[in-house]
Amino acid sequence: MRSGQRHWPAALFLVACLPLLAHADEKTDTKRTISVSAQGEVKAAPDEVLLSFAVETTAVKATEATAENAKRSTAVAAAVKPLLGKQDTVSTTRYTLEPRYESVRPGEAREPRITGYVARNEVQVESHQLDKVGALIDAATTAGANRVNNLQFQLSSREQALRSAIEKAGADARAQADSAAKGLGVKLGQVMSATVSSGPIVVPRFARMALAAEARAPTPIEPGEVSVSANLQVTYEIE
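Rules and cut-offs
- Residues numbered from 1 in each chain as written.
- Predicted model: local features only at pLDDT ≥ 70, side-chain atom pairs only at ≥ 80, totals over all residues.
- Heavy atoms only, no water.
- pLDDT = per-residue confidence, 0-100.
- Helix = DSSP H or I, 4+ residues; strand = E, 2+ residues; numbered from the N terminus.
- Contact = heavy atoms within 4.5 Å.
- Expected span 1.5 Å × (residues − 1).
- Buried < 20%, exposed > 50% of the residue type's maximum accessible area, 1.4 Å probe, protein only.
- Arc of directions from axis to C-beta.
- Salt bridge = Lys/Arg side-chain N within 4 Å of Asp/Glu carboxyl O.
- Core = buried A, V, L, I, M, F, W, Y, C linked by side-chain atoms within 4.5 Å.

As a further point, take the confidence of the model for the chain. In the predicted model, the chain carries a mean pLDDT of 82, and the fraction of residues at 70 or more is 80%. The least confident element of the chain is helix α1 (residues 10-27), whose mean pLDDT is 46; the most confident is helix α2 (residues 62-80), at 94. Predicted confidence is poor over residues 10-18, with pLDDT under 50, and the contacts of this stretch with residues over four places away or in other chains come to 0 contacts.

In structure tokens:
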């Protein structure tokens, strides 16, 4: 060993580093927080209706079923158009042609025989004429529609209603956080994080209706209200 060279003990080196480690721990202090979840809901009057009519025809031959269906579907579209506004639409959303089979008795080893064909045409109407929904149904069924597959009221634009729902959720979140802080004897600080998610739009729906061909009283339809909701999760710092 060279003269003058010293070896510091390992224990002494560790003791010298302890103040530095303690100082580093003081800088990584975790902030205290309060987290709350809130929901805001806004109900609004719908301004649009979605109607879907089915025209179903049966015949022994496929050509006969499709020809009769085309005739009735054209009549349905022509009957509802005078009741629609400039921005309203009529369109065909689905068309099917399927065979009908005879019933086969249990134990019979043969393929079922085709007895006829069923043609189905679905005509969809989007309209802002909410006061004419009953008249639209009556006009379509009188012209040849024999089923209402869908009747749904909705909002053409939900942005304003959603913003109002978010504002309500924010006010509720703050009220919850204030109550929690008061109960814990602490003071709320700034918002650390916030997450917004929109809930499903709840709209008035009507069950599918099979319609009789005979004359009926005018169909009464009430739109009801559309519900728009928003969920909010907020984390506040505790001072």
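A few words on α2. The terminal C-alpha atoms of α2, which comprises 19 residues, lie 27 Å apart, in line with the 27 Å expected from a rise of 1.5 Å per residue. Buried within α2 we find Ala 65, Asn 69, Ser 73, Val 76, Ala 77 and Val 80. Projected down its long axis, α2 shows its buried positions confined to an angular sector of 90°, all on one face. Turned more than 90 degrees from where α2 packs its buried face, Thr 63, Lys 71 and Thr 74 sit exposed. The secondary structure elements touched by the buried residues of α2 are β2 (48-59), β3 (89-101), β4 (114-127) and α3 (133-143).

Bringing the pattern of salt bridges into the picture now. Evaluation of the coordinates by the stated rule reveals 6 salt bridges. Across the salt bridge formed by Arg 113 and Glu 102, the nearest N and O atoms sit 3.8 Å from each other. Taken together, the positions of Arg 113 in the loop between β3 and β4 and Glu 102 in the loop between β3 and β4 put the pair 11 residues apart, joining distant regions of the chain. For Arg 174, the salt bridge goes to Asp 178, with nearest N and O atoms at 3.4 Å. Taken as a pair, Arg 174 and Asp 178 lie in helix α4 (residues 159-184) at a separation of 4 residues, close to a single helical turn. For Arg 174, a relative accessible area of 37% puts it in the partly exposed group.

If you look at the biggest cluster of nonpolar residues, it comprises 18 residues, and the most contacted ones within it are Val 49, Leu 51, Phe 53, Val 133, Ile 137, Leu 151 and Phe 153. Of all the secondary-structure elements, those providing two or more residues to this core are β2, α2, α3 and β5 (147-154). Core analysis: the second largest hydrophobic core is formed by 12 residues, Ile 34, Ala 181, Leu 232 and Tyr 236 among them.

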